Amino acid sequence: MKLSEITPEAVRDEVLEAILGHLQGYTVPLMSMGGDPRGVGVPSIDEARQSTLGFDVRAVAHYALTGGWIMPGEVEDRGEDGGVSSPDRARELAASFAWDALTQVVCALYAAPLGEVPVPLDADADPETAWGVVLLACVGRQHLAQGEAISAAQLAVLGGVSVARVHQLAQAGEIDRAKHSGIKPESARRWLSARGVAGA
């Protein structure tokens, strides 16, 4: 699946349905004998869409797609500069907001105690699913915002190519490998910018 094929709303619904399914599984054993078949306190998908978590998933997917950030209540992105004069500062702020939201989403989705996220976050990300693509793109954007190397899988998702293609480009010297592993952030940014990737 390619990043360009997803929408923030579809990712939000996919993730919320998974979380609601987990909640249903946990709450059914708590029901009384004649209890509500929905379980104890499990919200509907419509209620979940209106929640903070619903906003966070949609905003994280938006960040994965654009590198920009939307604030609660906003329909449109503030743009790459986020209303901040320096593009680097705007990227840094968007990355910070995205990381906080991503942490909340990952903890809810994987039933981890709040703040105890698996590291690396995208270790089990499946690039064939919308959520896996969003997770790879977000973590990749985070690494770039912090001036860190990006993995071949992260760069592939952001650039809309296969991991094999990223390895071919590195072998051909079109992108530079980092000392220990991955792709150098400057090289990844340059390559993504040349491809017209938003927020690179």
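Please read these numbers as outputs of a predicted model, since none were measured by experiment.

Colleague: What is the right way to read the overall build of the protein chain from this model?
Modeller: From N to C terminus, the protein chain includes eight helices and zero strands. Tracing the protein chain from N to C terminus, the helices and strands come up as α-α-α-α-α-α-α-α. Buried positions account for 42% of the 200 residues belonging to the protein chain. The long-range fraction of contacts in the protein chain, counting pairs at least 24 apart against all pairs at least 6 apart in sequence, stands at 54%.

Colleague: In this structure, what is going on with the packing of aromatic side chains? I would like to understand it.
Modeller: Two aromatic rings, taken as a pair, are described by how far apart their centres are and by the angle between their planes. Here the structure, examined in full by the defined rule, presents two aromatic pairs. Aromatic pair Phe55 and Trp69: ring centres 6.5 Å apart, planes at 90°, arrangement edge-to-face. With Phe55 in helix H3 (residues 52-66) and Trp69 in the loop between H3 and helix H4 (87-109), the pair connects residues that are 14 residues apart, well separated along the chain. Overall, the relative accessible area of 10% leaves Trp69 in the buried class.

Colleague: What should I look at first to understand helix H5 (residues 130-145) in this one?
Modeller: One full turn of an α-helix is made of 3.6 residues, so residues set three or four places apart face in the same direction. The terminal C-alpha atoms of H5, which comprises 16 residues, lie 22 Å apart, in line with the 22 Å expected from a rise of 1.5 Å per residue. Where burial is concerned, most of H5 is hidden: 14 out of the 16 residues are buried. Downstream of H5 by a residue or two, Gly147 has a phi angle that is positive, lying close to 70°.

Colleague: Is there a simple way to think about H4 in this case?
Modeller: The end-to-end C-alpha separation of H4 is 32 Å, in line with the 33 Å expected for 23 residues at 1.5 Å each. Buried within H4 we find Ala90, Arg91, Ala94, Ala95, Ala98, Ala101, Leu102, Thr103, Val105, Val106, Cys107 and Leu109.

Colleague: How should I be thinking about the nonpolar core in this particular structure?
Modeller: Judged by nonpolar contacts, the single largest core of 58 residues is most densely connected at Val11, Leu102, Trp131, Val134 and Leu155. Secondary-structure elements contributing two or more residues to this core are helix H1 (8-27), H3, H4, H5, helix H6 (152-159), helix H7 (163-171) and helix H8 (185-194). Top element by residues in this core is H5. It accounts for 10 residues.

Cut-off values and rules
- Residues numbered from 1 in each chain as written.
- Predicted model: local features only at pLDDT ≥ 70, side-chain atom pairs only at ≥ 80, totals over all residues.
- Heavy atoms only, no water.
- Helix = DSSP H or I, 4+ residues; strand = E, 2+ residues; numbered from the N terminus.
- Buried < 20%, exposed > 50% of the residue type's maximum accessible area, 1.4 Å probe, protein only.
- Contact = heavy atoms within 4.5 Å.
- Phe/Tyr/Trp six-rings, centres within 6.5 Å; stacked < 30°, edge-to-face > 60°.
- Expected span 1.5 Å × (residues − 1).
- Core = buried A, V, L, I, M, F, W, Y, C linked by side-chain atoms within 4.5 Å.

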